[in-house]
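Examining the three-dimensional arrangement
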Amino acid sequence: MSRILISGYYGFNNAGDDVVLYGIISSLKREQPNISLAVLSNQPDRTAELFGIEAYDRWSFGTIVRELMRSDMLVMGGGTLMQDVTSPRSVLYYLGIVTIAKLLGKPVVFYAQGFGPILKPLSRSMIKRVVNRVDVITVRDYESGEDFKSCGVVKAPIHITADPALTISPEDISDERGLELLQGKFADPAKPLVAISVRNWKQEQAFKKVIARAADWFLLRGWNVLFLPMHVPSDLAPSREIMDQMQQPGARLLDEPVTFHDIMSVLKQCDYVVGMRLHSLILACMLRTPFIGISYDPKIDRFVERAGMPNAGHITKLAENSLLALLEERLDRMDQEIGVVTEHSRLLEIEAAKSSELVLQALRKNTDS
């Protein structure tokens, strides 16, 4: 039985990265049910429990080497691993694992990667040196592929696919848990529900007042408003700060301890999503739920464009009048919006599935050689 070791930003209570891993696992097992999968995680026991696969300590050098030796392939799984904005250590860590895998003679696939920003010349130099040895690269958008090339990655084949979360089937997401978490939160649960997903970004503050006015606008139109943190605890504070600036009562915050399964189930109950967090938008798309993106990073702009949904613009230029006008325009034609997101979701799901196909092709090629 073939065995794949997956490396990424897992075990950090980030629902976005968790749904990426879930998408990778489900897509690979759909293609090859008997494949053996393992993952490196910050919380191995919790990750193993959540995903039903073996999980190992991502910080133990000896463990990493042992698990790579036991595996037939390394998959660098999803998200934006090649970036040095949060820390230059990110690029060093992931390229270090790739280097060990190649020294052990293992094939390596980058799976539906985003890219950047890369700010440091050393990071660009290391990416060129190491990533050119990778067997296959799949990227979640065209621009990420071009960014790899701009760093000098020209030897490894690059394929444009889409985010792994888009391969998740809405039918596999339970309604029950979402309904349970929402029970008692709203006086009239029959009203339409909008989920708002926000995060802090650098020192920016003005956008929070604009989003507060948008939340007020939904309440005045007869909607229920739910603030939905995708990364706990970091998203709780900006959600509360926005709620404190609202003028209308009635908005609620999902502040219970939840898993990514719970968040998907809650989103399944929503009629619209306003999101800064990329995977609040990707999950909305997967669920065929219309949404509007608020950008703090090019990855938001790229996905929103591919999904055919509106972009309110960058948080540094977010204006109340234009945001409310855009919301009014789009919500007044909800049937059309649902049709657009449904069609784009179907096409993106097909694109996203190509990553697992390419992984298994590379695995068979290595096994046969």
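From a predicted model like this one, the values you see are computed outputs, not experimental measurements.

1. As for the side chain of D163
Relative to the helices and strands, D163 is located in the loop between β7 (158-160) and α7 (176-182). Within polar-contact distance, the side chain of D163 engages the side chain of H279 at 3.0 Å. With residues up to four places along the chain from it excluded, the contact list for D163 reads V20, R140, H279, I282 and A352.

2. As for the packing of aromatic side chains
In this structure the tally under the stated criterion is 12 aromatic pairs. Their ring planes at 55° and their centres at 5.3 Å tell us that Y22 and F260 sit as a pair that is tilted. Placement of the pair is Y22 in helix α1 (residues 15-31) and F260 in helix α10 (residues 260-267), with a sequence separation of 238 residues. According to the relative accessible area criterion, F260 is buried, its value standing at 1%. Here a set of aromatic residues connected by ring pairs shows up, and it is made of W217, F218, W223 and Y272. Taking NZ or CZ as reference, R58 lies 4.5 Å from the ring centre of W59, over its face.

3. What to know about the domain arrangement of the chain
Taken as a whole, the chain is organised into domain 1 (3-161) and domain 2 (170-348). Of note, the centres of domain 1 and domain 2, computed from C-alpha atoms alone, are 28 Å apart. Tallying the contact residues gives 22 residues for domain 1 and 17 residues for domain 2. Here domain 1 and domain 2 share an interface that buries about 1600 Å² over both sides, 58% of which is from carbon and sulfur atoms. When the area that domain 1 buries against domain 2 is broken down by residue, the three leading residues are V19, Y22 and R140, summing to 28%.

4. So, the UniProt feature "domain: Polysaccharide pyruvyl transferase" (unreviewed entry) in the chain
The UniProt entry lists residues 14-298 under the feature "domain: Polysaccharide pyruvyl transferase" (unreviewed entry), expressed in the numbering used here. Each end of residues 14-298 is marked by a C-alpha atom, and these two atoms are 19 Å apart; helix forms 42% of the span and strand 18%.

5. So, the sheet that holds strand β6 (residues 136-139)
Pairing between sheet strands relies on hydrogen bonds along the backbone, with the strands arranged either parallel or antiparallel. With parallel pairing, seven strands are arranged side by side in an open sheet as β3-β2-β1-β4-β5-β6-β7. On the outer flanks of this sheet lie β3 (54-57) and β7, each paired with one strand and no other. Within this sheet the neighbouring strands show an average axis-to-axis angle of 25°, counted without direction. In this structure, strand β1 (residues 3-7) lies alongside strand β4 (residues 73-79), joined through four bridges in parallel fashion. Among the inter-strand pairings, I6 is bridged to a residue of β4, identified as V75. Along the sheet, helix α3 (residues 61-70) makes contact with β1, β2 (36-41), β3 and β4, crossing β3 at roughly 145°.

6. Comments concerning helix α13 (residues 320-331)
In this model α13 runs 16 Å from its N-terminal to its C-terminal C-alpha over 12 residues, within 8% of the 16 Å that 1.5 Å per residue would give. Of all the residues in α13, the buried ones are L323, L324, L326, L327, R330 and L331. One face of α13 carries all of its buried residues, which in axial projection span an arc of 160°.

Reading guide: rules and limits
Residues numbered from 1 in each chain as written. Predicted model: local features only at pLDDT ≥ 70, side-chain atom pairs only at ≥ 80, totals over all residues. Heavy atoms only, no water. Helix = DSSP H or I, 4+ residues; strand = E, 2+ residues; numbered from the N terminus. Polar contact = N/O pair within 3.5 Å; in protein donor to acceptor, adjacent residues only side chain to side chain. Contact = heavy atoms within 4.5 Å. Phe/Tyr/Trp six-rings, centres within 6.5 Å; stacked < 30°, edge-to-face > 60°. Buried < 20%, exposed > 50% of the residue type's maximum accessible area, 1.4 Å probe, protein only. Lys NZ or Arg CZ within 6 Å of the ring centre and 35° of its normal. Domains from an automatic or database assignment. Buried area = accessible area lost by both parts, 1.4 Å probe. UniProt positions renumbered as here; feature names shortened; annotations may be inferred. Pairing = 2+ DSSP bridges. Axes fitted to C-alpha atoms, helices over the stretch in contact; angles between N-to-C directions. Expected span 1.5 Å × (residues − 1). Arc of directions from axis to C-beta.

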